[in-house]
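Fold and contact review
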Amino acid sequence: MSPGLTSRAPRARLTGVTGPSPRRRARTLEPVQPLLDAPLAPLTTFRLGGPATRLVTATTDDEVVAAVREADAAGTPLLVVGGGSNLVIGDKGFDGTALRIATEGFDLDGTKLELAAGEVWTDAVARTVEAGLAGIECLAGIPGSAGATPIQNVGAYGQDVSATVTEVVAYDRRTEETVTLTNAECAFSYRHSLFKEHPERYVVLRVRFDLEDADGLSAPIKYAETARALGVEAGDRVPLAAARETVLRLRAGKGMVLDPEDHDTWSAGSFFTNPILTAEEYETFLARVAGRLGEDVTPPAFPAGEDGAVKTSAAWLIDRAGFTKGYGSGPARISTKHTLALTNRGEATTEDLLALAREVVAGVHEAFGITLVNEPVTVGVEL
């Protein structure tokens, strides 16, 4: 679609809309039945990892809390699984209870949105666009569940959920209470939050957002690549559907939209976070770049807060260190579409993946003196 930038997308007003998308099949309510020695690989986008001793699937908040309390009371290790798009599980699996959160709930009242933790994120984004509300349209196509978005402060193409999240409802395992945390209390920063800082304490149940009614237009476009693809300037607004469709197209071109037939999407998306350097570290980095690549080469650089901190591109570092698209000869390789994604070509093990990740980390450090940090959560293994 070639967007008409002066047109306005039609809007549907959804007030007090709750429950699953009408496109989904109705769920049969049954007692929670744990599975023993349950495979976890099919629950992750990497399709890697060994089994869990016990797997419980919870479809209501009460079931989630009950499962967590049961595990904690018994002293059983607990692994919370949502969409599985940010997990690297060891080949030996998980010796404990894996809790798969499959809760559903989409409640839109004016510009206020509440999502159950188990809601499929990309479906929720599509529904907000259909409703004519802006704020998360550039987060389309990100795999995983709504409950994971505040943990990682999920972001892409100029938007982060921290800009629209107002509250997170979570079960606090320390106090054994359900609590509601404000945006400020979530302590959001780049791909980080209170929940990521204390992974053993909180289990997210619901996420609340305040979106924007901009008469069918998007939030101001911030990301240069998106603006170029839309043919607009940074800061312009475009029809919501155009913004979403453009982001989906850009992501698909990088293998970042799930496709069972495309092994480039058998990944966790971006495997490494973009490094943030102090002003002094950045100057040292520039000297390394000049020495390796020449004085005329300038790496990507973006302001990153106070004191002159600079964010640079992990994808650029990986590529310039010699790890190009498709790098590798084994069953785990760099994506053929994007250097920031490590992929399972179909027969990989978790150890295959980690060996590749360690090779990349070592190579980038040797070349530029920067140590990359993995974005996915590792379970039973370390990078």
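Overview of the structure.

Rules behind the numbers
- Residues numbered from 1 in each chain as written.
- Predicted model: local features only at pLDDT ≥ 70, side-chain atom pairs only at ≥ 80, totals over all residues.
- Heavy atoms only, no water.
- Buried < 20%, exposed > 50% of the residue type's maximum accessible area, 1.4 Å probe, protein only.
- Helix = DSSP H or I, 4+ residues; strand = E, 2+ residues; numbered from the N terminus.
- Contact = heavy atoms within 4.5 Å.
- Pairing = 2+ DSSP bridges.
- Phe/Tyr/Trp six-rings, centres within 6.5 Å; stacked < 30°, edge-to-face > 60°.
- Lys NZ or Arg CZ within 6 Å of the ring centre and 35° of its normal.
- Salt bridge = Lys/Arg side-chain N within 4 Å of Asp/Glu carboxyl O.

Some details on helix α2 (residues 121-130)
Of all the 10 residues making up α2, 7 are buried; the element is thus mostly covered by neighbouring parts of the structure. Inspection of α2 places W121, A124, V125, A126, R127, T128 and V129 among the buried residues, and these make up the whole buried set. Contacts from the buried residues of α2 go to β6 (106-109), β7 (112-116), β8 (133-134), α3 (149-152), β13 (202-210) and α6 (240-253). Where α2 ends, the next residue or the one after it, G132, has phi of about 80°, a positive value.

Some points on the environment of A124
You can see A124 is positioned in helix α2. Along the chain, A124 and N183 lie 59 residues apart, while their C-alpha atoms are 20 Å from each other. Filtering out sequence-adjacent residues up to four positions away, A124 remains in contact with F106 and L115.

What to know about the sheet that holds strand β17 (residues 310-311)
Strand order across the open sheet formed by 3 strands is β15-β17-β16, with antiparallel pairing between neighbours. Two strands in the sheet have a free side with no partner beyond their single neighbour: β15 (276-277) and β16 (302-303). Examined bridge by bridge, β16 and β17 share 2 bridges and lie antiparallel to one another. Among the inter-strand pairings, F302 is bridged to a residue of β17, identified as K311.

Concerning the packing of aromatic side chains
Overall, the coordinates contain 10 aromatic pairs when judged by the stated rule. Ring centres 6.4 Å apart and planes at 90° place the aromatic pair F285 and W316 in the edge-to-face group. Linking F285 in helix α7 (residues 279-293) with W316 in helix α8 (residues 314-320), this pair joins segments that are 31 residues apart in sequence. Comparing F285 with W316, the two get one shared label, buried. Ring centres 5.8 Å apart and planes at 40° place the aromatic pair W316 and F368 in the tilted group. Pair noted here: W316 is in helix α8 and F368 is in helix α9 (residues 350-368), with a separation of 52 residues, a long-range link. The same class applies to W316 as to F368, namely buried. Pairwise contacts between aromatic rings join Y282, F285, W316 and F368 into one cluster. A cation sits over an aromatic face here: R47 above W266, 4.1 Å from the ring centre. One residue, R127, lies across the ring of F106, its end atom 3.9 Å from the ring centre.

Regarding the pattern of salt bridges
A side chain of one charge can pair with a side chain of the opposite charge if their charged atoms are brought near each other. Using the criterion set out here, one finds 17 salt bridges in the structure. Residue D172 pairs with R201 through a salt bridge whose shortest N-O separation is 2.8 Å. Note that D172 is positioned in strand β11 (residues 165-172) and R201 in the loop between α4 (194-197) and β13, a separation of 29 residues in sequence. Each member of the pair D172 and R201 is classed as buried.

A word on the pairing of β6
Judged by which residues are buried, β6 turns out to be one-sided: F106 and L108 face inward and are buried, whereas D107 and D109, on the alternate face, are not. Where β6 lies against β7, 4 bridges are found, and the strand directions are antiparallel. Across the sheet, residue D107 finds its bridge partner in β7, namely E114. The hairpin formed by β6 and β7 contains 2 residues between the paired strands, and G110 there has a positive phi angle of roughly 65°.

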